[in-house]
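Now for the letters of each chain:
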Amino acid sequence: MAAPIAVAIDAPEIETAARWASAVAPHVSTVKVGLELYLRYGPEVITTVRGANKVDVFLDLKLHDIPATVGGAARNMARFKPSILTVHAAGGRDMVKAAVEAAPQTQIAAVTVLTSLDEKALDEIGLRGPASEAARRLAVLAVESGARALVCSPWEVASLRAEVGPDITLITPGVRPSGAERGDQARVATPEEAIEAGADLLVIGRPITRAADPGAAAASIAAALRRAQSTPSA
Ligand SMILES: O=C(O)c1cc(=O)[nH]c(=O)n1[C@@H]1O[C@H](COP(=O)(O)O)[C@@H](O)[C@H]1O
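Criteria and thresholds
- Going along each chain's sequence as written, the residues are numbered from 1 onward.
- Residue-level local features of this predicted model are given only where pLDDT is at least 70; pairs of side-chain atoms are given and counted only at 80 or more, and the full residue set underlies all totals for whole chains, interfaces and linings.
- UniProt positions are given in the numbering used here, feature names are shortened, and annotations may be inferred rather than shown by experiment.
- Geometry is summarised by axes, namely lines fitted to C-alpha atoms with helices restricted to the contacting stretch, and by angles between N-to-C directions that run from 0 to 180 degrees.
- Numbering of helices and strands runs from the N terminus; a helix is a DSSP stretch of H or I covering at least four residues, while a strand is a stretch of E covering at least two.
- Roughly parallel here means an angle under 35 degrees, roughly antiparallel means over 145, roughly perpendicular means 65 to 115, and every remaining angle is called oblique.
- Take the far helix as your reference; a near helix turned counterclockwise from it by less than a right angle gives a left-handed crossing, and one turned clockwise gives a right-handed crossing.
- What counts as a contact is two residues whose backbone-derived C-beta atoms lie within 7 Å of each other.
- Lys, Arg, Asp and Glu make up the charged group, whereas Ala, Val, Leu, Ile, Met, Phe, Trp, Tyr, Cys and Pro make up the nonpolar group; the residues left over, Gly among them, are polar.
- The exposure scheme places C-beta atoms from the backbone and then counts, for each residue, the other C-beta atoms within 10 Å of its own, assigning buried at 20 or more, exposed at 12 or fewer, and partly exposed in between.
- Strand pairing is assigned whenever DSSP identifies at least 2 bridges connecting the two strands.
- Crossovers are described as right-handed under a simple rule: with the strands pointing away from the observer, the path leading from the first strand over the helix to the second runs clockwise.

- In the nomenclature of an unreviewed UniProt entry, the protein chain corresponds to Orotidine 5'-phosphate decarboxylase from the organism Nocardiopsis gilva YIM 90087.
- Note on the protein chain: under the UniProt heading Pathway (unreviewed entry), the record states "Pyrimidine metabolism; UMP biosynthesis via de novo pathway; UMP from orotate: step 2/2."
- Quoted verbatim from the Sequence similarities (unreviewed entry) field of UniProt, the annotation for the protein chain is "Belongs to the OMP decarboxylase family. Type 1 subfamily."

Quick look at the structure:
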C-alpha cells in the first residue's frame, strides 16, 4: 500500500513537477500542488501531475477571503476533483463553512497555525499563543464549521486528536527526517514521530524533491513509516 505521504512538488516549472510526480508516485498516496505551480499554470498542472500516475492530487491554495469569495473559489476548484483543498481556519467560521458547502465532494482541510511560525512570530502577528493553544482554538472552530480535515504541525497532532476525535483527518507538514535541513520550518518532527503521534497524512517536500533521487528518497521514507507503523509503541 502507498505510504500516507503527500509530496509537496513545489517547483518553478511544470516539467520538473511532472518528473517529480512520476518518480514518487509508486511510493506515496498523494502529490500536493501548491501556489508556486498553480499560480503560474492553473488547472493544467493538476492534469499534468495526475497524468498516468495513480496518486491523489491535493490542491493547496490556502484560501483566505470573505465567505462568498472562498465559496466561489472552492466551487470552481472542485471541478478539477482534488482529493483535498486547503483553506485558512483563521478566515473564520462562515468562511470555512462556505468552502465546505461549496465543495461537498472535496475534503476541505483547514490550516490551523502555519508550521513556519514560532512563538515569537505568533506574538508579532497578534495571534494569541502558545501555538498549541492557537491550533486547538482554530481546529475546534474549523470542525464546528464542517471541516473534516485539519493541517497542523506534528507537535500538535496528539493534542488535536484528543480534542477532535478519530474521524478527523490530521495532515502534518513540518516533517524532516533526522539530519535533514529544517529550512524555513519552525515546528518540526521526523516522519516516524509524526505518524506515531497519530497523523493521517504527512506533507513532505524538499527532503524528497531536493534529494539526488526523489523516487529513492520517497521510497526510503515510506519504508521507515512502515517500520514505525508495524512496531508497537512502548
Ligand atoms: O498547507 C500546507 O500544506 C502547509 C501548511 C503549513 O502549516 N506548513 C507547510 O509547510 N505547508 C506546506 O507543506 C509543504 C512543506 O514543504 P517542505 O518544507 O519542503 O517539506 C509546503 O508546500 C508548504 O506550503
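## Quick look at the packing of helix H1 (residues 14-24) against helix H11 (residues 214-230)
Part 1: Closest axis-to-axis distance for the H1/H11 pair is 8 Å, and the angle between their directions is 40°. Here H1 is positioned oblique relative to H11, judged by the angle of their axes. Every pair of crossing elements has a handedness; the one defined by H1 and H11 is right-handed. Two secondary-structure elements touch here, H1 through Trp20, Ala23 and Val24 and H11 through Pro214, Gly215 and Ala218.
Part 2: Class assignment for the residues of the contact of H1 with H11 results in five nonpolar, one polar and no charged.

## Section: the UniProt feature "active site" (unreviewed entry) in the protein chain
Part 1: When the UniProt feature table is mapped to this numbering, "active site" (unreviewed entry) covers Asp60, Lys62 and Asp65.
Part 2: Here aspartate 60 lies in strand S3 (residues 56-63).
Part 3: Leaving out residues up to four positions away in the same chain, aspartate 60 has contacts with Lys32, Val33, Gly34 and Thr86.
Part 4: Tracing the chain through its elements places aspartate 65 in the loop between S3 and helix H4 (67-78).
Part 5: Its 15 C-beta neighbours within 10 Å are what place aspartate 65 among the partly exposed residues.
Part 6: Every residue in contact with aspartate 65, bar those within four places of it in the chain, is listed here: Val70 and Gly91.

## Examining the environment of alanine 189
Part 1: Note that alanine 189 resides in the loop between strand S7 (169-172) and helix H9 (191-197).
Part 2: Judged by the 22 C-beta atoms lying within 10 Å of it, alanine 189 falls in the buried class.
Part 3: In sequence terms alanine 189 and tryptophan 155 are 34 residues apart; their C-alpha atoms lie 7.3 Å from each other.
Part 4: The contacts of alanine 189, once residues within four sequence positions are left out, are Pro154, Trp155, Val175 and Ala194.

## Some thoughts on the pairing of strand S2 (residues 28-33)
Part 1: Burial analysis of S2 places five of its six residues in the buried class, the great majority of the element.
Part 2: Where strand S1 (residues 3-8) meets S2, four bridges bridge the pair, whose relative direction is parallel. Residue pairing in the sheet places alanine 3 in a bridge with valine 28 of S2.
Part 3: At this point the chain moves from S1, through H1, to the parallel S2, and the crossover so formed is right-handed.
Part 4: Where S2 meets S3, four bridges bridge the pair, whose relative direction is parallel. Its bridge partner being in S3, lysine 32 is matched across the sheet by phenylalanine 58.

## Focus: the sheet that holds strand S8 (residues 201-204)
Part 1: Strand order in the closed barrel formed by eight strands is S1-S2-S3-S4-S5-S6-S7-S8, with parallel pairing between adjacent strands. For this sheet, the mean inter-axis angle between neighbouring strands, taken without regard to orientation, is 25°.
Part 2: Strand direction decides the pairing type here: S1 and S8, joined by three bridges, are parallel. Across the sheet, the residue bridging to alanine 6 is valine 203, located in S8.
Part 3: The sheet strands contacting H11 are S1, S2 and S8, and the helix crosses S1 at an angle near 145°.

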